[in-house]
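Next come the chains, spelled out residue by residue.
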Amino acid sequence: QDTQEKETVNPERAEEAKLKAKYPNLGQKPGGSDFLMNGLQKGQKYFDSGDYNMAKAKMKNKPLPSAGQDKNLVTGDHIPTPQDLPQRKSSLVASKLAG
Amino acid sequence: ADIISTVEFNYSGDLLATGDKGGRVVIFQREQESKSRPHSRGEYNVYSTFQSHEPEFDYLKSLEIEEKINKIRWLPQQNAAHFLLSTNDKTIKLWKISERDKRAEGYNLKDEDGRLRDPFRITSLRVPILKPMDLMVEASPRRIFANAHTYHINSISVNSDHETYLSADDLRINLWHLEITDRSFNIVDIKPANMEELTEVITAAEFHPHHCNVFVYSSSKGTIRLCDMRSSALCDRHSKFFEEPEDPSSRSFFSEIISSISDVKFSHSGRYMMTRDYLSVKVWDLNMENRPVETYQVHEYLRSKLCSLYENDCIFDKFECCWNGSDSAIMTGSYNNFFRMFDRNTRRDITLEASRESSKPRAILKPRKVCTGGKRKKDEISVDSLDFNKKILHTAWHPMENIIAVAATNNLYIFQDKIN
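Residues numbered from 1 in each chain as written. Chains lettered and ligands numbered in written order. Predicted model: local features only at pLDDT ≥ 70, side-chain atom pairs only at ≥ 80, totals over all residues. Heavy atoms only, no water.

### A look at the overall build of chain A
Counting its regular elements, chain A contains five helices and zero strands. Listed by position from the N terminus, the elements making up chain A come as α-α-α-α-α. Expressed as a percentage of its 99 residues, the buried residues of chain A come to 25%. The contacts of chain A with a sequence gap of at least 6 include a subset with a gap of at least 24, amounting to 87%. (Helix = DSSP H or I, 4+ residues; strand = E, 2+ residues; numbered from the N terminus. Buried < 20%, exposed > 50% of the residue type's maximum accessible area, 1.4 Å probe, protein only. Contact = heavy atoms within 4.5 Å.)

Now the structure itself:
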């Protein structure tokens, strides 16, 4: 069978060519580890639980005396809570380009 | 209303349970037919609503645990109460739903409003009597099966022995006894020693409807393994391996992704099983492992759209499928709120739409058609006009009658055969 003809007829291959044109760094193994590992890690959110609980406690009571801490220091108040963290989309666009 | 994430009829079909992304379970009950309103033949109304799961945070692993209900499975009814299993990513719960229509009155130690009576005032003894009250439906959690899954639970399946059930996550399958919550047996473990070597994950699992020692599980590579628990305690070696041979010359970047099986369901007869991959539904004869006996195209026109479907992640949507009570028909969902039904005997298929605009109550649904070629006929919809955000992933078919439940994002549609 003429392979040239098959390439133009096969819609899947045509779509594959489109994708490779858009993302030239696409990994060779699409269904491989990277993709699966992303699915396994769904829900992963990184933050410091100690800081999170301190911030939660701070919000409940009056703020503890700063004890010399500079009021302009924002690090203490800007601790992300699980709700604030952006959803880590387990989409592949990020990882496939990195691959 | 939240996005519906699972739909399931009970064994009699009188109850229909839905789970949603917010962790709630809503159960509908079929009304008894009444002579005064023959046309409202068996409508479903809300019977019970309860919060099954709450969002959690695993601090040790920095893992957010969604409250979304992934699956609900009913237990066969054994007494007046109804039992169901509901699961999120990590925890399975056994819920008891019971009715209360009587209340005791005439207690000795307390008043009707609950206040304790002064013991010195009690001069005579009376026997409390039961009085009827407005029907109250109560749901209470009877068992919590937790901490057995490192990865995300995708399936639960009640065994035909009515004593055990299985739960499957991406890499492992566990066997539980309904009475025991502090232990479960691991029956399948496909986690590689080195995670770098991971090539496939478990996507669905189900017990055989009659043989309590047999179950199947499907994979992201489009294969199904049938296991027999009599052969060994750990069923890492399958008894049967189902895979359709692939034409190597037509292999593409997308081949493996679209072959990933999103659902597997045994037929009621137990002779066949059905699998759903991205573009098709396949019926397998359990006696033939090398290829399916029937293949139905759900939306073949999407094959030439795979690039954009990969970019918007739709290619990873997990569609479910279901059999009708007699195994003569199968149903599955698609995009644009379309769902498809296939008659296995006549080989006829139909596309219908679940949306408010296209159907008034009691109106007959009009078949839909997607235009694939050049000229679009009137009433046809072109592939590029399909709304890929309106996906029907969850459908259910009444175990005996032609009544179907279709979940379209946050709406539930119930369709019935037209009354003659």
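Next comes the rest of the account.
### Observations concerning the nonpolar core
Ranked by internal contacts, the top residues of the largest apolar core, which has 27 residues, are Leu19(A), Tyr278(B), Leu302(B), Leu309(B), Tyr310(B), Ile315(B) and Leu386(B). Going through the elements one at a time, helix H1 (255-259) and helix H2 (306-311) of chain B are the ones with two or more residues in this core. Sorting elements by how many residues they give to this core places H2(B) first, with four residues. Apart from residues no more than four positions distant in its own chain, Leu19(A) is found in contact with Leu26(A), Phe253(B), Phe254(B), Cys307(B), Tyr310(B) and Glu311(B). (Core = buried A, V, L, I, M, F, W, Y, C linked by side-chain atoms within 4.5 Å.)

### Brief notes about the packing of aromatic side chains
Residues and elements named next belong to chain B. One pass over the structure, following the stated rule, counts 19 aromatic pairs over all chains. Here Phe145 and Tyr165 contribute two aromatic rings whose centre-to-centre distance is 5.2 Å and whose plane-to-plane angle is 80 degrees, an arrangement assigned as edge-to-face. Of this pair, Phe145 sits in strand E10 (residues 129-145) while Tyr165 sits in strand E12 (residues 164-168); the two residues are 20 residues apart in sequence, bridging distant segments of the chain. Between Phe254 and Tyr310, the ring centres sit 6.1 Å apart and the planes meet at 70 degrees, which makes this aromatic pair edge-to-face. A residue pair is termed long-range when its members are at least 10 positions apart, and Phe254 in the loop between strand E18 (240-242) and H1 and Tyr310 in helix H2 qualify at 56 residues. This pair shows no difference in class: Phe254 is buried, exactly as Tyr310 is. Clustering of aromatic rings is evident, with ring pairs tying together Phe253, Phe254, Tyr310 and Phe316. (Phe/Tyr/Trp six-rings, centres within 6.5 Å; stacked < 30°, edge-to-face > 60°.)

### Here we look at the confidence of the model for chain A
Residues and elements named next belong to chain A. With 35% of its residues at a pLDDT of 70 or more, chain A has an overall mean of 62. Considering each helix and strand of chain A separately, the mean pLDDT is smallest for helix H5 (residues 92-98), with a value of 42, and largest for helix H2 (residues 11-22), with 90. Note that residues 1-7 has pLDDT below 50 and, in this model, four contacts with residues that lie over four places away or in other chains. Across residues 62-75 the pLDDT falls below 50, and counting only partners more than four positions away or on other chains, this stretch makes two contacts in the model. (pLDDT = per-residue confidence, 0-100.)

### Observations regarding unusual backbone geometry
With a phi angle near 60 degrees, His162(B) is a residue other than glycine that sits in the positive phi range. Inspection of the secondary structure assignment puts His162(B) in the loop between strand E11 (155-158) and E12.

### Some words on the pattern of salt bridges
Considering all chains together, one arrives at 34 salt bridges over all chains under this definition. For the salt bridge of Arg100(B) with Glu138(B), the shortest nitrogen-to-oxygen distance reads 3.1 Å. Within this pair, whereas Arg100(B) is found in strand E9 (residues 92-105), its partner Glu138(B) is found in strand E10, the two being separated by 38 residues in sequence. For Glu138(B), a relative accessible area of 26% puts it in the partly exposed group. A single network of salt bridges, built from pairs that share partners, joins Glu12(A), Glu300(B) and Arg303(B). (Salt bridge = Lys/Arg side-chain N within 4 Å of Asp/Glu carboxyl O.)

### Here we look at the environment of Arg291(B)
All names here are of chain B. Relative to the helices and strands, Arg291 is located in the loop between strand E21 (280-285) and strand E22 (294-297). Residues Arg291 and Glu244, spaced 47 residues apart in sequence, show a C-alpha to C-alpha distance of 4.5 Å. Leaving out residues up to four positions away in the same chain, Arg291 has contacts with Glu243, Pro245 and Trp284.

### A look at the sheet that holds strand E23 (residues 321-323) of chain B
All names here are of chain B. Taken together, four strands build an open sheet; the order of strands is E23-E24-E25-E26 and the sheet is antiparallel. Here the strands that pair on one side only, and so sit at the sheet edges, are E23 and strand E26 (349-353). Neighbour to neighbour, the strand axes of the sheet diverge by 20 degrees on average, direction disregarded. Bridge analysis of strand E25 (residues 338-343) against E26 gives five bridges, and the strand direction is antiparallel. Residue pairing for E26: Met341 is matched across the bridge by Ile350. (Pairing = 2+ DSSP bridges. Axes fitted to C-alpha atoms, helices over the stretch in contact; angles between N-to-C directions.)

### What to know about the pairing of E25(B)
Where a strand is regular, its side chains alternate between the two sheet faces. Residue and element names in this part refer to chain B. Extensive coverage of E25 is indicated by the burial of five of its six residues. Strand direction decides the pairing type here: strand E24 (residues 329-333) and E25, joined by five bridges, are antiparallel. Opposite Gly333, over in E25, you have Phe339 as the bridge partner. The hairpin formed by E24 and E25 contains four residues between the paired strands, and Asn336 there has a positive phi angle of roughly 60 degrees. Two successive antiparallel strands, E25 and E26, enclose a turn made up of five residues, where Arg347 displays a positive phi of approximately 65 degrees.

### Notes on the state of the cysteines
Cysteine pairs can be covalently joined through their sulfur atoms, and such a bond is termed a disulfide. Residue and element names in this part refer to chain B. Tallied over the entire structure, the rule returns zero disulfides over all chains. With no disulfide of its own, Cys307 lies 13 Å from the sulfur of Cys314, the closest cysteine sulfur. Judged by relative accessible area, Cys307 falls into the buried class, the value being 2%. (Disulfide = S-S within 2.5 Å.)

### Digging into the sheet that holds E9(B)
Each strand in a sheet pairs with another by means of backbone hydrogen bonds, the pair being arranged parallel or else antiparallel. All names here are of chain B. Across the sheet, which stays open at both edges, the four strands sit in the order E7-E8-E9-E10 with antiparallel pairing between neighbours. One side of each edge strand has no neighbouring strand; the edge strands of this open sheet are strand E7 (71-74) and E10. Put simply, the sheet's adjacent strands are angled 25 degrees from each other on average, direction ignored.

### Considering the pairing of strand E1 (residues 4-9) of chain B
All names here are of chain B. Taking burial as the measure, the six residues of E1 include six buried ones, the bulk of the element. Relative to strand E2 (residues 15-20), E1 runs antiparallel, the two being bridged by five bridges. Bridging from a neighbouring strand, Val7 pairs with Thr18 of E2. Counted between consecutive antiparallel strands, the loop separating E1 from E2 contains five residues, among which Gly13 sits at a positive phi close to 85 degrees.

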